[in-house]
Amino acid sequence: MKTIKVILPALLSFFLAGAVFAQNAPEAMKKEQCLACHGPTFDELIKKNVQAQSDSGPVNPHVWIPHAGGPEKAATECIDCHAQHSIPPKPGYKDTSASLEPCYACHHNYQLKKCSSCHGGKN
């Protein structure tokens, strides 16, 4: 019974602190907000041909988002790969955090190859 009297207030404090933190956390930017400056469309962003270093050499990862093509709304959010910066960005700001790591969740062994190159099939 003593344990419950100690643990219950601690748990309530933990959840209350989490709720307060969530209210004060900055809202995550959506890709439409990013494209307002970096686009203005996803196709225009692709044409800028920004390169990232991969296991097979430099690639423009924006070409592959989404894999199946289609409307811009099918693309992932920019902050899945890029750090969110302030608006306007601080003088001299450069995003050095962009990463291909999210790609490697599916492209295991750090190989940017089609699934079928290892697993067979048409994918």
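The structure contained in this document is the topic of the report that follows. Values in this document were obtained by computation on a predicted structure and should not be read as measured data.

The rules behind each value
- Residues numbered from 1 in each chain as written.
- Predicted model: local features only at pLDDT ≥ 70, side-chain atom pairs only at ≥ 80, totals over all residues.
- Heavy atoms only, no water.
- Helix = DSSP H or I, 4+ residues; strand = E, 2+ residues; numbered from the N terminus.
- Buried < 20%, exposed > 50% of the residue type's maximum accessible area, 1.4 Å probe, protein only.
- Contact = heavy atoms within 4.5 Å.
- Areas by Shrake-Rupley, 256 points an atom, 1.4 Å probe, with all protein chains shown as cover.
- Arc of directions from axis to C-beta.
- 1 Å grid on protein atoms, 1.4 Å probe; cavity = no way out; pocket = protein on both sides within 12 Å on 5 of 7 lines; lining within 4 Å.
- Points joined across faces, edges and corners; volume = space filled by probe spheres on them.
- Nonpolar A, V, L, I, M, F, W, Y, C, P; charged D, E, K, R; others polar.
- Polar contact = N/O pair within 3.5 Å; in protein donor to acceptor, adjacent residues only side chain to side chain.

Turning to the overall build of the chain, a few remarks are in order. Summing up its helical and strand segments, the chain has four helices and two strands in all. For the chain, the N- to C-terminal ordering of α and β elements is α-α-α-β-β-α. Counting the 123 residues in the chain, one finds 15% classified as buried. In the chain, once contacts between residues fewer than 6 apart in sequence are set aside, the share between residues at least 24 apart is 40%. Here the chain has roughly 9800 Å² of accessible surface; of this, 64% comes from carbon and sulfur atoms.

Let us look at helix H2 (residues 31-38). Among the residues of H2, those classed as buried are Lys-31, Cys-34 and Leu-35. Down the axis of H2, the smallest arc covering the buried residues is 95°, so these residues share one side. The exposed residues of H2 that point more than 90 degrees off its buried face are Glu-32, Ala-36 and Cys-37. On its buried side, H2 packs onto helix H3 (42-47).

Looking at where Thr-76 falls in the secondary structure, it is placed in the loop between strand E2 (57-59) and helix H4 (116-119). Each C-alpha atom, one on Thr-76 and one on Ile-65, is 7.0 Å from the other, the two residues being 11 residues apart in sequence. Filtering out sequence-adjacent residues up to four positions away, Thr-76 remains in contact with Lys-31 and Ile-65.

Summary: where empty space remains is shown by rolling a probe the size of a single water molecule over the atoms. Roughly 1500 Å³ of volume is contained in the largest pocket. Lining the largest pocket are 47 residues, and of these Pro-61, His-62, Ile-65, Cys-81 and His-82 sit closest to its centre. Taken together, the elements giving at least two residues each to the lining of the largest pocket come down to H2 and H3. Per-element tally for the lining of the largest pocket: the top contributor is H2, with five residues. Split by residue class, the lining of the largest pocket holds 27 nonpolar, 12 polar and eight charged.

Turning our attention to the side chain of Asn-60. With respect to the helices, strands and loops of the structure, Asn-60 is situated in the loop between E2 and H4. A polar contact of 3.1 Å, which involves the side chain of Asn-60, links it to the backbone oxygen of Ile-46. Excluding its chain neighbours within four sequence positions, the residues that come into contact with Asn-60 are Ile-46, Asn-49, Val-50 and Gln-51.

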